[in-house]
Amino acid sequence: MVAAVDLVDVAVSLGIGEGTGRNSVLARALGRLVRFGVAEWRGDVLAVRRALAPLPARQLARASYSARKAHERIVEGRVLPRQ
């Protein structure tokens, strides 16, 4: 499945401004997705995983309370992630 998105719209929707340049907050966030294996560049297309494994306990312990509770609900199947 391929979907085209406007990067300025994505950045504004995330509340990180309108910048899309090489050193923008959005570019750094996309870089982190690639670095952690959540996404990969395929030419000029960013392929993003639609499902991820549960977080290891070590990483979960560092997450905020609300993130831990959301993770727990998703892992227990009470909330299905958007597809």
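What counts and how
Residues numbered from 1 in each chain as written. Predicted model: local features only at pLDDT ≥ 70, side-chain atom pairs only at ≥ 80, totals over all residues. Heavy atoms only, no water. Helix = DSSP H or I, 4+ residues; strand = E, 2+ residues; numbered from the N terminus. Rg over C-alpha atoms; globule rule 2.2 N^0.38 Å. Areas by Shrake-Rupley, 256 points an atom, 1.4 Å probe, with all protein chains shown as cover. Lys, Arg positive; Asp, Glu negative; His and termini not counted. Charge placed at Lys NZ, Arg CZ, Asp CG, Glu CD. Buried < 20%, exposed > 50% of the residue type's maximum accessible area, 1.4 Å probe, protein only. Polar contact = N/O pair within 3.5 Å; in protein donor to acceptor, adjacent residues only side chain to side chain. Salt bridge = Lys/Arg side-chain N within 4 Å of Asp/Glu carboxyl O. Pairing = 2+ DSSP bridges. Contact = heavy atoms within 4.5 Å.

Draft legend 1. Quick peek at the overall build of the protein. Of regular secondary structure, the protein possesses four helices and two strands. Start at the N end of the protein and walk to the C end: the helices and strands fall as α-α-β-β-α-α. By the compact-globule yardstick of 12 Å for 83 residues, the protein is too spread out, its C-alpha radius of gyration being 15 Å. Taking the principal axes of the C-alpha coordinates as reference, the protein spans close to 35 × 25 × 20 Å. Per element, the accessible surface of the protein, about 7100 Å² overall, is 56% carbon and sulfur. Charge centroids of the protein, computed over 14 positive and 7 negative side chains, lie 10 Å from each other.

Draft legend 2. Seen up close, the side chain of Ser-24. Tracing the sequence through the fold places Ser-24 in the loop between helix H1 (7-13) and helix H2 (25-35). In this structure Ser-24 comes out as buried when scored by relative accessible area, which is 11%. There is a polar contact of 2.9 Å between the side chain of Ser-24 and the backbone oxygen of Gly-21.

Draft legend 3. Spotlight on the pattern of salt bridges. For the structure shown, the criterion picks out two salt bridges. Put simply, Glu-40 and Arg-42 hold a salt bridge, and the shortest N to O gap is 2.8 Å. Owing to a relative accessible area of 39%, Glu-40 belongs among the partly exposed residues under this scheme. A relative accessible area of 55% means that Arg-42 is categorised as exposed.

Draft legend 4. Molecular detail of the pairing of strand E2 (residues 45-48). For strand E1 (residues 39-42) and E2, the ladder comprises four bridges, and the chain directions are antiparallel. Looking at E2, one finds that Trp-41 is bridged to Leu-46. Where E1 hands over to E2, the hairpin turn is made up of two residues, of which Gly-43 adopts a positive phi near 70°.

Draft legend 5. Here's a closer look at the environment of Trp-41. Considering the arrangement of structural elements, one finds Trp-41 in strand E1. Considered as a pair, Trp-41 and Leu-30 are 11 residues apart in the sequence and their alpha carbons are 9.9 Å apart. Excluding anything up to four places from it in sequence, Trp-41 contacts Val-34 and Leu-46.

These results come straight from atomic positions and should not be treated as a statement about function.
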